[in-house]
Structures are given as structure tokens and as C-alpha cells.
Amino acid sequence: QVQLVESGGGLVQAGGSLSLSCAASGRIFSIKRMGWYRQAPGKQRELVATTTSDNTDYAHSVRGRFTISRDNGKNTVFLQMNSLKPEDTAVYYCHAVMNGIAATSNYWGQGTQVTVSS
């Protein structure tokens, strides 16, 4: 019943910026962690950035260039991407961890394509 929908991907030249957003909808009780992963062609899906109420974590490759933020009231997470590089090209996936009454559940968005040209 919970869905994550990403938006904001597109084509940008190296050095440019993009902003991604992800909104969670459905039967939401409590989302403890939201974040972003990405998967480039031929590569494994990797962590980009995650955030909780008191912690954030970034991949070394994006630290200092990307910023994750969250609007808890709207169950939305954002990713501001600056100084983009061609190696940032990937499908970016929103991720959420929900701590429910009986279990912890993981949810994934459908992905949004980010392409950075040289």
C-alpha cells in the first residue's frame, strides 16, 4: 500500500545541477529512514545518501556535491545534486525504511534517470 514516486531526473551537462524529489504515499505509519541509491549500467546499486532524524550518510563519491534533505510532514525526501560529473549518470532510486508495529519494511521507488554529459 506504500508507494514511493521519484521526480526531477533529466539530462544535464557536466558541472550543472539537478534536484530530485521523492514522495511517499499510502498507509504510512512511521518512516524512520529515507534516502537515495543509484545504479549505473553494468554496475551494482549503490548508496548515494540517507537520512534519519539525527544522522545523515553520503557516499564518498558525492560528499560535498550532493545534499539530502527531508520534509517529514510531507513524507518527502530531496536530493540536491551540484557539480555533476558524467560518472554520476545512473538511475536514481528513492528508498524508505518504515518501522511498523510488527516489522520493519523497505520500500523502493521506480527510479528516475539522471544523465550527465561531458
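## Observations regarding the overall build of the chain
So, point 1. Each helix and strand counted, the chain has 0 helices and 11 strands in total.
So, point 2. Listed by position from the N terminus, the elements making up the chain come as β-β-β-β-β-β-β-β-β-β-β.
So, point 3. Over its C-alpha atoms the chain spans a radius of gyration of 14 Å, differing by no more than 12% from the 13 Å that the globule rule assigns to 118 residues.
So, point 4. Taking the principal axes of its C-alpha atoms as reference, the chain extends roughly 50 × 25 × 25 Å.
So, point 5. Evaluated residue by residue, the chain yields a buried proportion of 40% over its 118 residues.
So, point 6. Relative to all contacts within the chain whose residues are 6 or more apart in sequence, the contacts with residues 24 or more apart total 55%.

## Considerations on the nonpolar core
So, point 1. Ranked by internal contacts, the top residues of the largest apolar core, which has 29 residues, are Trp 36, Val 48, Phe 66, Leu 79, Met 81 and Tyr 92.
So, point 2. Elements supplying a minimum of two residues to this core: β3 (18-25), β4 (31-39), β5 (46-51), β7 (66-71), β8 (76-81), β9 (90-99) and β11 (112-117).
So, point 3. Broken down by element, the residue count for this core peaks at 5 residues, all from β9.
So, point 4. Not counting the four nearest positions on each side in its chain, Phe 66 is found in contact with Arg 38, Val 48, Tyr 58, Leu 79, Gln 80, Met 81, Asn 82, Leu 84, Asp 88 and Tyr 92.

## Quick word on the environment of Tyr 58
So, point 1. Note on placement: Tyr 58 falls in strand β6 (residues 56-58).
So, point 2. If we ignore the near neighbours within four places in the chain, the residues touching Tyr 58 are Val 48, Ala 49, Arg 63, Phe 66, Thr 67 and Ile 68.
So, point 3. Of the polar contacts made by the side chain of Tyr 58, one reaches the backbone nitrogen of Ile 68; its length is 2.9 Å.

## Re the pattern of salt bridges
So, point 1. This model, assessed by the stated rule, comprises 4 salt bridges.
So, point 2. When the shortest N-O distance is used, the salt bridge between Glu 46 and Arg 38 registers 2.8 Å.
So, point 3. A residue is classified by how much of its surface remains accessible, and Glu 46, at 35% relative accessible area, is partly exposed.
So, point 4. As a salt-bridge pair, Arg 38 and Asp 88 come within 3.0 Å of each other at their nearest N and O atoms. Taken together, the residues span a long stretch of sequence, with Arg 38 in strand β4 and Asp 88 in the loop between β8 and β9 at a distance of 50 residues.

## Considering the side chain of Thr 50
So, point 1. Of note, Thr 50 is situated in strand β5.
So, point 2. Here Thr 50 falls in the buried class, since its relative accessible area comes to 5%.
So, point 3. One polar contact links Thr 50 to Arg 33, side chain to side chain, over a distance of 3.1 Å.

## Remarks on unusual backbone geometry
So, point 1. Positive phi outside glycine occurs at Asn 75, with the angle close to 50°.
So, point 2. Given a relative accessible area of 22%, Asn 75 falls into the partly exposed group.
So, point 3. For Ser 83, which is not a glycine, the phi torsion comes out positive at approximately 50°.
So, point 4. With respect to the element layout, Ser 83 can be found in the loop between β8 and β9.
So, point 5. Judged by its relative accessible area of 42%, Ser 83 is partly exposed.

How each quantity is defined
Residues numbered from 1 in each chain as written. Predicted model: local features only at pLDDT ≥ 70, side-chain atom pairs only at ≥ 80, totals over all residues. Heavy atoms only, no water. Helix = DSSP H or I, 4+ residues; strand = E, 2+ residues; numbered from the N terminus. Rg over C-alpha atoms; globule rule 2.2 N^0.38 Å. Buried < 20%, exposed > 50% of the residue type's maximum accessible area, 1.4 Å probe, protein only. Contact = heavy atoms within 4.5 Å. Core = buried A, V, L, I, M, F, W, Y, C linked by side-chain atoms within 4.5 Å. Polar contact = N/O pair within 3.5 Å; in protein donor to acceptor, adjacent residues only side chain to side chain. Salt bridge = Lys/Arg side-chain N within 4 Å of Asp/Glu carboxyl O.

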